[in-house]
Amino acid sequence: NHDTPPGDRRPFLRLLDYILPLLEKRDVNHFFAFPVSDKFAPGYSQIIKKPMDFSTMKAKLKRGEYGDIHAFQDDFELMCTNAMTYNTQDTIYYKMAKKLLTIGKCLFTPDKLIPMRDQLP
Ligand SMILES: COc1ccc(OC)c(-c2cc(C(C)=O)n3cccnc23)c1
């Protein structure tokens with residue numbers, strides 16, 4: 001739109017500031033809130049080469065490391081697919097990851113993102 005200069009990323013980052021808490025709220029048990037530790041997940045760091053969690057995404061967002069919404073979406077999907085790789089289908093972690101992935105896919109569709117732009121606080 002015309003009121004933001006071409007280099008200005010404020011609207012884009014405000015959109016992520018709005019979306020991230022929506023996704024975190026759905027992780028009611030906070031299984032995705034922090035990095036998974038090998039202590040509770042034997043061999044996790046050997047199996048999962050690129051760990052990801054909401055606290056890491058929040059830090060990257062604060063440091064301005066997301067160049068576009070796709071980079072943010074890629075980390076979100078990586079977090080979910082990691083859980084669906086390490087955990088078997090019968091676990092709550094796998095089931096929750098699958099649910100989060102569906103919610104995320106729905107949130108990131110243009111017909112959901114565009115109306116958000118007007119709701120931004
Ligand atoms: C049971 O309480 C917690 C608390 C925090 C967790 O990860 C941040 C997890 C956790 C999160 C995960 C995931 C996301 O794979 N996980 C896998 C195996 C064992 N524990 C976990 C579980």
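As a reminder, the structure under discussion sits directly above these lines.
Below or above, wherever it landed, is the structure these notes cover. (Residues numbered from 1 in each chain as written. Predicted model: local features only at pLDDT ≥ 70, side-chain atom pairs only at ≥ 80, totals over all residues. Heavy atoms only, no water.)

### Notes on the pattern of salt bridges
This model, assessed by the stated rule, comprises 3 salt bridges. The partner of K60 in a salt bridge is D75, with the nearest N and O atoms 2.7 Å apart. Of this pair, K60 sits in helix α3 (residues 54-62) while D75 sits in helix α4 (residues 69-86), and the two are 15 residues apart along the sequence. We note that K60, like D75, is buried. (Salt bridge = Lys/Arg side-chain N within 4 Å of Asp/Glu carboxyl O. Helix = DSSP H or I, 4+ residues; strand = E, 2+ residues; numbered from the N terminus. Buried < 20%, exposed > 50% of the residue type's maximum accessible area, 1.4 Å probe, protein only.)

### Here's the deal with the site of the ligand
Every residue lining the ligand is accounted for by F31, F32, F34, V36, F40, A41, N87 and Y93. The contact in question runs from an oxygen atom of the ligand to an N or O atom on the backbone of F31, over 3.3 Å. Contacts to the ligand include Y93, whose side-chain N or O atom sits 3.4 Å from a nitrogen atom. When atoms are counted within 2 Å of each cavity's grid points, the one that captures over half of the ligand is the largest pocket. Of the residues assigned to the shell around the ligand, the class counts are 7 nonpolar, 1 polar and no charged. (Near = heavy atom within 4 Å. Polar contact = N/O pair within 3.5 Å; in protein donor to acceptor, adjacent residues only side chain to side chain. 1 Å grid on protein atoms, 1.4 Å probe; cavity = no way out; pocket = protein on both sides within 12 Å on 5 of 7 lines; lining within 4 Å. Sits in = over half its atoms within 2 Å of the grid points. Nonpolar A, V, L, I, M, F, W, Y, C, P; charged D, E, K, R; others polar.)

### Some thoughts on the packing of helix α1 (residues 10-26) against helix α6 (residues 110-119)
Pairs of packed helices are described in terms of their axes, by the angle between the two and the distance that separates them. α6 packs onto α1 with a crossing angle of 105 degrees between their chain directions and a minimal axis gap of 10 Å. In terms of orientation, α1 lies roughly perpendicular with respect to α6. Facing α1, whose interface residues are L15, Y18 and I19, α6 presents L113, M116 and Q119. Of the residues that constitute the contact of α1 with α6, the class distribution is 5 nonpolar, 1 polar and no charged. (Axes fitted to C-alpha atoms, helices over the stretch in contact; angles between N-to-C directions. Parallel < 35°, antiparallel > 145°, perpendicular 65-115°, else oblique. Contact = heavy atoms within 4.5 Å.)

### So, the layout of surface pockets
Within this model, the largest pocket holds a volume of roughly 410 Å³. If you go around the largest pocket, you meet 20 residues; those closest to its centre are F31, V36, S37, A41 and Y93. Split by residue class, the lining of the largest pocket holds 15 nonpolar, 4 polar and 1 charged. (Points joined across faces, edges and corners; volume = space filled by probe spheres on them.)

### Observations concerning the side chain of D27
In this structure, D27 sits in the loop between α1 and α2 (44-47). No salt bridge is formed by the buried D27; its nearest oppositely charged neighbour, R26, is found at 9.9 Å. A distance of 3.0 Å separates the side chain of D27 from the backbone nitrogen of F31, its partner in a polar contact. A distance of 2.8 Å separates a polar side-chain atom of D27 from the backbone nitrogen of F32. Residues contacting D27, with those up to four places away along its chain left out, are F32, A33, F54 and L100. (Lys, Arg positive; Asp, Glu negative; His and termini not counted.)

### What to know about helix α5 (residues 92-107)
Here α5 is 16 residues long and its end C-alpha atoms lie 22 Å apart, about the 22 Å a rise of 1.5 Å per residue gives. Three or more residues of α5 are buried, namely Y94, M96, A97, L100, L101, I103, G104 and L107. Buried residues belonging to α5 abut α1, α4 and α6. (Expected span 1.5 Å × (residues − 1).)

### Thoughts on the nonpolar core
In terms of nonpolar packing, the biggest core is built from 29 residues, with I19, L23, F72 and F76 touching the most fellow members. Every element with two or more residues in this core is listed here: α1, α3, α4, α5 and α6. In terms of residue count, α4 provides more of this core than any other element does, 7 residues in total. Sequence-distant contacts of L23, defined by excluding residues within four places in its chain, comprise F54, F72, F76, L100, I103, G104, L107 and F108. (Core = buried A, V, L, I, M, F, W, Y, C linked by side-chain atoms within 4.5 Å.)

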